[in-house]
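Coordinates in review
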Amino acid sequence: MTRKYDANLVVIGAGAAGLVSSYIASAVKAKVILIEKHKMGGDCLNTGCVPSKALIRSANIKSYIDRAKIFGFNITDCTVDFASVMRRVHKIIRRIEPHDSIERYTALGVECINGEAKILTANCVQVNSRIITTKNIIIASGARPLIPKIPGLNKVPYYTSDTIWNITALPKKLVVLGGGAIGCELAQCFIRLGSEVTLIDRSDRILKKEDAIVSSEVIKKFTEEGIKLRLATEVIELNSTKDSSGQKNSIICKNTAGVTEEIFFDAILLAVGRKANTQWLNDQASPVNIKLNSNGSIAVNQHLQTNINTIYSCGDVIGSYQFTHVASHQAWFAAVNSLFGFFRQFKVDYSVIPWATFTDPEVARVGINEQEAKYQNIKYDLTQYDINDLDRAITDDEDHGFVRVLTKKGSDRILGVTIVGYHASEIIAEYVLAMKHKIGLNKILSTIHIYPTYSEANKYTAGVWKRANTSQKLLSLVQKFHVWRRS
Ligand SMILES: Cc1cc2nc3c(=O)[nH]c(=O)nc-3n(C[C@H](O)[C@H](O)[C@H](O)COP(=O)(O)OP(=O)(O)OC[C@H]3O[C@@H](n4cnc5c(N)ncnc54)[C@H](O)[C@@H]3O)c2cc1C
C-alpha cells in the first residue's frame with residue numbers, strides 16, 4: 001500500500017520535551033522521526049540540570065570541608081583544583097549521555113536525524129536535503145539564555161549558562177547578573193569554590209517568585225558565605241580598559257537609593273532569563289505561520305496544539321514552567337493529542353507542578369505560595385513548622401529552614417507547600433503526591449514517618465495544623481470528661 005505520509009510524527013528538538021514525545025510515540029508503535037541540530041539531551045543534559053547539579057555537588061563538598069571543624073575534623077589545607085572540578089562535571093555529563101543517545105532512541109524504534117529542521121508545510125519537514133511528509137509535528141526547540149541590551153556588553157567577555165561549563169580556571173572576581181534560580185545556584189557554587197562573587201538584580205530580593213520570607217532565608221546564607229548582594233540595582237554600563245597591569249573589566253550600576261558603584265570583575269555571568277527558540281521559524285521562508293506569544297514563545301491551546309492543527313509544541317519553547325519534568329509532563333499530552341487527538345484531546349494538567357532551586361538551603365515548592373494566594377484572592381490558612389526543631393536536622397547540623405503549607409480555609413486540603421532547608425527537594429515529594437491524590441494534612445499526620453528523618457517535618461507540620469484546627473469546644477468537653485473520670 002502506498003502511504004501518504006512518511007511518518008506519523010516528526011519531533012523537532014531532542015531535549016527533554018522532544019525525547020519524551022518521541023519515546024511515547026514509539027511506545028505506541030507510531031513511526032516517529034526525531035530531528036536534533038546540536039546535541040541529543042538538549043539543555044538539561046549539556047548545559048542545564050546535569051552540569052549545574054554536578055558543580056553544586058563539588059561546591060557543597062567544599063562547604064563541608066569549610067565546616068569540617070564542627071564535625072570534629074581539623075582540615076588545615078584544602079585547595080580547589082578547579083580544572084579537575086570541571087573535568088568531573090563533564091565526566092558526569094558523559095555518564096548520563098547514553099540515556100539520551102541516538103543509540104538508545106534508535107533501539108526504542110525512533111529514527112534520529114542530526115540536522116536543522118525546517119517546517120515546509122503543515123505536514124512537511126525538511127532536514128538536510130531530506131523532505132519528510134508527516135501526519136503531525138511536535139516543536140520542542142527549547143529556549144536559550146536571554147542576552148540583555150547593556151551598553152558596553154560587546155566590550156567584555158561574558159558567560160551564560162550555555163558557555164560557563166567550558167571554563168577551566170576559577171574566576172577570581174565573578175559578577176552574576178540575575179537573582180533567579182540559575183543565577184543563585186551558580187553564584188553560590190562559585191563563592192564556595194573560591195571566587196569573590198557579586199550578585200546584581202534589579203529586584204529588591206532574589207528568587208522573587210517565592211515568598212519574601214524564602215528570599216530572606218537564602219539571602220541570610222548567601223551573606224554569611226560572603227556573596228555581595230546588590231539588589232534593587234540597575235546596570236548602567238559595562239567597561240573594559242587596558243593598562244600596564246592588564247585588562248580591567250567593570251560594571252557600573254546604580255541602586256534605587258541613587259548610589260552608583262563600579263564593580264571590577266574577571267568574569268560576568270548573565271542569568272537574566274531565557275528566550276524561546278523560535279527565531280528559526282521566522283528565518284525559514286515557510287507558508288506555515290505559527291502564532292507566537294508577545295515574549296516570542298509558541299502560543300498553544302490547552303491541548304498543546306498550535307494555531308496550525310497538525311502542529312503541537314511542548315517544553316521551554318512554549319515558555320510556561322521551564323523545567324525538565326514539566327517538559328516531560330507536557331510531552332505526554334503533545335504526543336498523545338497529536339497521535340490520538342482524532343478520537344479525544346486531553347487538556348494539559350498544571351494543577352500540581354513542583355520545582356526546586358538547588359541552593360543551600362534548597363527551596364522547593366508545589367502549588368501556590370502566600371503571595372500567589374493573596375494575588376488570586378484565595379482564602380487560606382497558613383501553617384509553618386521550623387526545621388530548627390527537627391531531631392534529624394539537629395544531628396546533621398542542618399537545623400535551619402521551614403515548611404510552610406497553605407490549606408483551604410477551614411479544611412486540611414493542601415493548596416501549596418514551600419520548603420526551605422536541607423533536602424527540601426526530596427522532602428516535598430510527599431506533598432506532591434498528597435496534592436495530586438487529594439490527600440489532606442489529617443492523613444499525613446496519621447502516616448508513620450521513619451525517625452529520625454527530614455520527612456518527619458511533614459508530619460510535624462500536619463501536627464501544627466491539627467493543633468490550630470482542633471475545636472476548643474471539643475477539647476473543653478474532653479477535659480470535663482477526664483475530670484469526671486477522676487471523680
Ligand atoms: C543552568 C540551568 C540549570 C537548570 N536546572 C534545572 C533543574 O535542576 N531542574 C529542572 O527541572 N530544570 C532545570 N533547568 C531547565 C531545563 O534544563 C529545561 O527546562 C529543559 O532542558 C527544557 O527542555 P526542552 O526539551 O524544552 O528544551 P531543550 O533542552 O533546550 O531542547 C531543545 C532542543 O531543540 C534543538 N533545536 C532547536 N531548534 C531546532 C531545529 N530547528 N532543528 C532541530 N533541532 C532544534 C536544540 O538544539 C535543543 O537541543 C535548568 C536550566 C539551566 C539553563
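Conventions adopted
- Residues numbered from 1 in each chain as written.
- Predicted model: local features only at pLDDT ≥ 70, side-chain atom pairs only at ≥ 80, totals over all residues.
- Heavy atoms only, no water.
- Near = heavy atom within 4 Å.
- Polar contact = N/O pair within 3.5 Å; in protein donor to acceptor, adjacent residues only side chain to side chain.
- Areas by Shrake-Rupley, 256 points an atom, 1.4 Å probe, with all protein chains shown as cover.
- Nonpolar A, V, L, I, M, F, W, Y, C, P; charged D, E, K, R; others polar.
- Axes fitted to C-alpha atoms, helices over the stretch in contact; angles between N-to-C directions.
- Helix = DSSP H or I, 4+ residues; strand = E, 2+ residues; numbered from the N terminus.
- Parallel < 35°, antiparallel > 145°, perpendicular 65-115°, else oblique.
- Left-handed = near helix turned anticlockwise from the far one by under 90°.
- Contact = heavy atoms within 4.5 Å.
- Disulfide = S-S within 2.5 Å.
- Buried < 20%, exposed > 50% of the residue type's maximum accessible area, 1.4 Å probe, protein only.
- Pairing = 2+ DSSP bridges.
- Salt bridge = Lys/Arg side-chain N within 4 Å of Asp/Glu carboxyl O.
- Patch = residues over 30% accessible without salt bridge, like charges linked within 9 Å, V, L, I, M, F, W, Y side chains within 5 Å.
- Core = buried A, V, L, I, M, F, W, Y, C linked by side-chain atoms within 4.5 Å.
- Expected span 1.5 Å × (residues − 1).
- Arc of directions from axis to C-beta.

1. Quick notes on the site of the ligand
Not every one of the 37 residues close to the ligand is listed here, only the nearest: Ala17, Glu36, Asp43, Lys53 and Asp316. Alanine 16 is positioned such that a nitrogen or oxygen atom in its backbone is 3.1 Å from an oxygen atom of the ligand. Contact between the ligand and lysine 37: a nitrogen atom at 3.1 Å from a main-chain N or O atom of the residue. Considered on its own, the ligand offers 1000 Å² of accessible surface; in the complex 94% of this is hidden by protein. Counted by class, the shell around the ligand contains 14 nonpolar, 15 polar and 8 charged residues.

2. A short note on the packing of helix α3 (residues 49–66) against helix α6 (residues 181–193)
Packing of α3 against α6 leaves a shortest axis separation of 8 Å and a crossing angle of 40°. In terms of axis orientation, α3 runs oblique to α6. Considering only the axes of α3 and α6, their crossing is left-handed. Note on element contacts: α6 touches α3 through Glu185, Leu186, Cys189, Phe190, Arg192 and Leu193, opposite Ser52, Lys53, Leu55, Ile56, Ser58, Ala59, Asn60, Lys62, Ser63 and Asp66. The residue makeup of the contact of α3 with α6, split by class, is 7 nonpolar, 4 polar and 5 charged.

3. Describing the state of the cysteines
The full count for this structure, using the stated rule, is 0 disulfides. Looking at cysteine 314, it has no disulfide partner, and the nearest cysteine sulfur is the one in cysteine 44, 14 Å off. Judged by relative accessible area, which is 0%, cysteine 314 ranks as buried.

4. Quick notes on the sheet that holds strand β14 (residues 260–265)
A sheet is described by the order of its strands in space; here 3 strands give the open sequence β12-β13-β14, paired in antiparallel fashion. Pairing within the sheet leaves two strands with one partner each, and these edge strands are β12 (233–243) and β14. Across the sheet, the axes of successive neighbouring strands diverge by a mean angle of 25°, strand direction being ignored. Judged from the 10 bridges that link them, β12 and strand β13 (residues 246–255) form a sheet pairing that is antiparallel. Across the sheet, the residue bridging to glutamate 234 is lysine 254, located in β13.

5. Digging into the pattern of salt bridges
In total, this model carries 22 salt bridges according to the counting rule given. Residues glutamate 196 and lysine 172 are paired through a salt bridge, measuring 3.9 Å at the closest nitrogen-oxygen approach. Of this pair, glutamate 196 sits in strand β10 (residues 196–200) while lysine 172 sits in the loop between β8 (158–159) and β9 (173–177), and the two are 24 residues apart along the sequence. In this structure glutamate 196 comes out as partly exposed when scored by relative accessible area, which is 34%. Among the ionic pairs, glutamate 196 bridges to lysine 228, the shortest N-O distance being 3.9 Å. Note that glutamate 196 is positioned in strand β10 and lysine 228 in strand β11 (residues 228–230), a separation of 32 residues in sequence. Assessed through its relative accessible area of 39%, lysine 228 is described here as partly exposed. Taken together, the salt bridges that share partners define one network made up of Asp211, Glu370, Lys374 and Arg404.

6. A closer look at unusual backbone geometry
Geometrically, the link from aspartate 360 to proline 361 is a cis peptide bond, its omega value of 5° lying close to zero. Here the bond from tyrosine 451 into proline 452 is cis, since omega is -15°, no more than 30 degrees from zero. Not every positive phi belongs to a glycine, and alanine 232 is a case in point at roughly 50°. Relative to the helices and strands, alanine 232 is located in the loop between β11 and β12. Under the relative-accessibility criterion, alanine 232 is labelled buried at 15%. Unusually for a residue other than glycine, asparagine 377 sits at a positive phi of about 60°. In this structure, asparagine 377 sits in the loop between α10 (370–375) and β20 (380–386). Accessibility expressed as a relative area gives 63% for asparagine 377, which makes it exposed.

7. Let's talk about a nonpolar patch on the surface
Together, Val28, Phe340, Phe342 and Phe343 make up an exposed nonpolar region whose accessible area comes to about 500 Å². Positionally, phenylalanine 340 belongs in helix α9 (residues 324–340). On the basis of relative accessibility, which here comes to 34%, the residue phenylalanine 340 falls in the partly exposed class.

8. Examining the environment of leucine 475
Tracing the chain through its elements places leucine 475 in helix α16 (residues 472–486). Under the relative-accessibility criterion, leucine 475 is labelled partly exposed at 42%. Considering only alpha carbons, one finds leucine 475 and arginine 486, 11 residues apart in sequence, at a separation of 17 Å.

9. Some details on the nonpolar core
In terms of nonpolar packing, the biggest core is built from 51 residues, with Ile35, Ile119, Ile139 and Ile290 touching the most fellow members. Broken down by element, this core gets its largest block of residues, 7 residues, from α9. With sequence-adjacent residues up to four places away left out, isoleucine 139 is seen in contact with Ile12, Ile119, Trp280, Leu281, Ile290, Ile298, Ile311, Tyr312, Ser313, Cys314 and Val317. The next biggest cluster of nonpolar side chains, apart from the first, holds 35 residues, and it includes Cys189, Leu199, Val218 and Val363.

10. Quick word on helix α7 (residues 212–225)
Here α7 contains 14 residues, and its C-alpha end-to-end distance of 20 Å stays within 8% of the 20 Å for a straight helix at 1.5 Å per residue. Looking only at α7, the buried set comprises Val214, Ser215, Glu217, Val218, Lys221 and Phe222. All buried residues of α7 lie within an arc of 160° about the axis, which places them on one face of the element. Considering only its buried residues, α7 is in contact with α6, β10, β11, β19 (362–367), β21 (402–408) and β22 (414–421).

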